[in-house]
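Structure at a glance
Single-letter residue listing:
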Amino acid sequence: MPPMPSELAYVPFVSVENMMRLVHHHGIEQVLRELTDAVEADYRRWALFEKSPRLASHSREGVIELMPTSDGEVFSFKYVNGHPSNTAKGFQTVAAFGLLARVDTGYPILLAEMTLLTALRTAATSAMVARHLAPRGARVMAMIGNGAQAEFQALAMKSVVGIDTVRLYDIDPQATAKVARNLADSGLTIVSCASTQEAVEGAQIITTCTADKACATILTDNMVGAGIHINAIGGDCPGKTELHQDILKRAATFVEFEPQTRIEGEIQQMDASYPVTEFHQVLDGSAAGRRDARQITLFDSVGFATEDFSALRYIHCKLEGTDFFQKIDMLADPDDPRDLFGMLQRAA
Ligand code: NAD
């Protein structure tokens with residue numbers, strides 16, 4: 001059980017700067033590997049978690065979401081937006097922060113930035129699924145959409161799944177050049193491509209990570225050969241998809257939490273009878289994963305609250321004995337719990 005705030009007398013806050021220090025201290029690939037294991041460990045405890053589709057407030061420009069869960073001992077939530085038009089204004093498409101609290105007192109025990117942490121946990125989740133579903137010996141990944149998430153995805157697939165080559169494509173060549181530059185010393189072979197069709201050539205894993213508030217067709221059926229694992233993470237909102245329907249008709253589709261993915265995932269294109277497997281079932285053996293080398297597997301990722309819970313718990317554990325946090329005075333702490341007003345007068 002994490003310490004009580006009163007034992008600490010403050011709530012630890014991990015700012016963007018401290019998240020960066022923490023990741024640099026351990027090395028990003030180690031963080032991605034450990035985070036993958038942390039996310040998987042909680043998927044193996046699936047039944048313990050409170051689960052609900054996230055609360056989404058939609059607007060013309062994007063969405064603001066709250067993602068809560070609890071394992072009975074610890075509660076977490078993430079606040080996250082999704083605004084594809086933000087990059088043109090110089091803002092992130094996805095920005096987030098999150099909180100962990102003890103269930104027995106309701107007191108927060110961690111507040112953290114989660115823009116970086118979401119990119120890390122999304123990559124870790126993709127890698128967790130791919131290490132169970134991708135074809136054996138997968139070495140080449142096509143990365144369609146070279147925005148903020150792209151490098152994290154590539155590095156997680158390298159360090160967890162063992163890919164050695166990434167084939168990049170984005171409608172914006174500057175985005176592709178940015179990823180090629182950022183991954184130049186990563187040990188990955190980077191191939192910049194002029195089209196999605198070119199990028200998927202020879203790939204065993206295809207990651208789609210584009211942002212457009214539309215039912216787009218990033219991948220068409222003819223681009224997807226037998227045995228491919230598709231890691232589709234960009235379509236994560238009602239009215240926002242990346243794959244042509246015909247791909248879904250050929251694929252075995254795996255999801256995080258079916259009630260949420262039916263609303264937000266690629267499968268919103270299909271009717272309610274379209275079969276899906278929740279990924280935790282693959283881990284507990286109650287459902288099959290990849291059946292054979294020719295099967296197309298699809299991870300229809302939308303991001304689920306337990307992944308944020310795992311990421312926040314992971315960061316919380318990493319704080320002990322470090323200065324990767326600030327102490328924030330977030331909780332009123334009067335000498336007599338009932339004398340809140342007296343405390344206010346003291347401060348005056
Ligand atoms: P971003 O805006 O930084 O990057 C998106 C990139 O996609 C841009 O470079 C853009 O040029 C490119 N793009 C748009 N249309 C394209 C097309 N037709 N072909 C090729 N490239 C195209 O966004 P990001 O932070 O990298 O996030 C990407 C998507 O992933 C968003 O939709 C976001 O909501 C989603 N996301 C999902 C999860 C999850 O858990 N599933 C987590 C984080 C982000």
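Below: a short report on this structure. (Residues numbered from 1 in each chain as written. Predicted model: local features only at pLDDT ≥ 70, side-chain atom pairs only at ≥ 80, totals over all residues. Heavy atoms only, no water.)

Thoughts on the site of the ligand
Lining the immediate environment of the ligand, one finds 25 residues, of which T93, Q149, D170, D236 and K240 sit closest. G234 is positioned with one of its backbone polar atoms (N or O) 3.1 Å from an oxygen atom of the ligand. If the ligand stood free it would expose 870 Å²; the protein chains cover 89% of that surface. Along the lines of polarity and charge, the residues of the shell around the ligand split into 10 nonpolar, 10 polar and five charged. (Near = heavy atom within 4 Å. Polar contact = N/O pair within 3.5 Å; in protein donor to acceptor, adjacent residues only side chain to side chain. Areas by Shrake-Rupley, 256 points an atom, 1.4 Å probe, with all protein chains shown as cover. Nonpolar A, V, L, I, M, F, W, Y, C, P; charged D, E, K, R; others polar.)

A look at the sheet that holds strand β2 (residues 55-58)
Two modes of strand pairing occur in sheets, parallel and antiparallel, and in both the strands are linked by backbone hydrogen bonds. The strand order across the open sheet formed by seven strands is β2-β3-β4-β5-β6-β1-β17, and the pairing between neighbours is mixed. This sheet does not close on itself; its edge strands, each paired only once, are β2 and β17 (326-328). The average angle at which neighbouring strand axes cross in this sheet is 15°, direction not considered. Sheet topology note: the strand β3 (residues 63-70)/strand β4 (residues 74-82) ladder contains eight bridges and is antiparallel. Residue pairing for β4: E65 is matched across the bridge by V80. Where helix α4 (residues 115-133) meets the sheet, its contacts fall on β3, β4, β5 (96-102) and β6 (108-113), and the angle it forms with β6 comes to roughly 90°. Along the sheet face, helix α11 (residues 305-319) touches β1 (11-14), β3, β4, β5 and β6 and points at about 115° away from the line of β4. (Pairing = 2+ DSSP bridges. Helix = DSSP H or I, 4+ residues; strand = E, 2+ residues; numbered from the N terminus. Axes fitted to C-alpha atoms, helices over the stretch in contact; angles between N-to-C directions. Contact = heavy atoms within 4.5 Å.)

A closer look at the pairing of β3
As paired elements, β2 and β3 share four bridges and run antiparallel to each other. From the neighbouring strand, L55 faces β3, where its bridge partner is L66. Between β2 and β3, which pair antiparallel and follow one another directly, the connecting turn spans four residues. Between the end of β3 and the start of β4, which pair antiparallel, lie three residues, with G72 showing a positive phi angle near 100°.

Some words on the nonpolar core
Among the nonpolar cores identified, the biggest contains 55 residues, and V14, L117, L120, I205, I315 and L319 are the most heavily contacted of them. If you tally residues by element for this core, the top one is helix α5 (residues 150-161), at eight residues. Contacts of I205, omitting those with residues within four sequence positions, involve A134, A138, V140, M141, A142, M157, V161, I163 and H229. One finds A203, A216, M223 and I296 within the second-largest nonpolar core, a separate group that totals 28 residues. (Core = buried A, V, L, I, M, F, W, Y, C linked by side-chain atoms within 4.5 Å. Buried < 20%, exposed > 50% of the residue type's maximum accessible area, 1.4 Å probe, protein only.)

Examining the environment of D246
Within the fold, D246 resides in helix α8 (residues 245-250). C-alpha separation for the pair D246 and I263, spaced 17 residues apart in sequence, amounts to 19 Å.

Here's the deal with the pattern of salt bridges
Counted according to the given criterion, the structure contains 23 salt bridges. In this structure, K178 and E151 form a salt bridge, with 3.1 Å as the shortest nitrogen-oxygen distance. One end of the pair, K178, is in helix α6 (residues 173-182); the other, E151, is in helix α5, with 27 residues separating them in the sequence. Overall, E151 belongs to the buried group, its relative accessible area being 9%. When the shortest N-O distance is used, the salt bridge between R262 and E258 registers 3.0 Å. Placement of both R262 and E258 in helix α9 (residues 258-264) is noted, with a separation of four residues, approximately one turn of the helix. Owing to a relative accessible area of 22%, R262 belongs among the partly exposed residues under this scheme. Linked through salt bridges whose partners overlap, the residues forming this network are D37, E40, R44 and R131. (Salt bridge = Lys/Arg side-chain N within 4 Å of Asp/Glu carboxyl O.)

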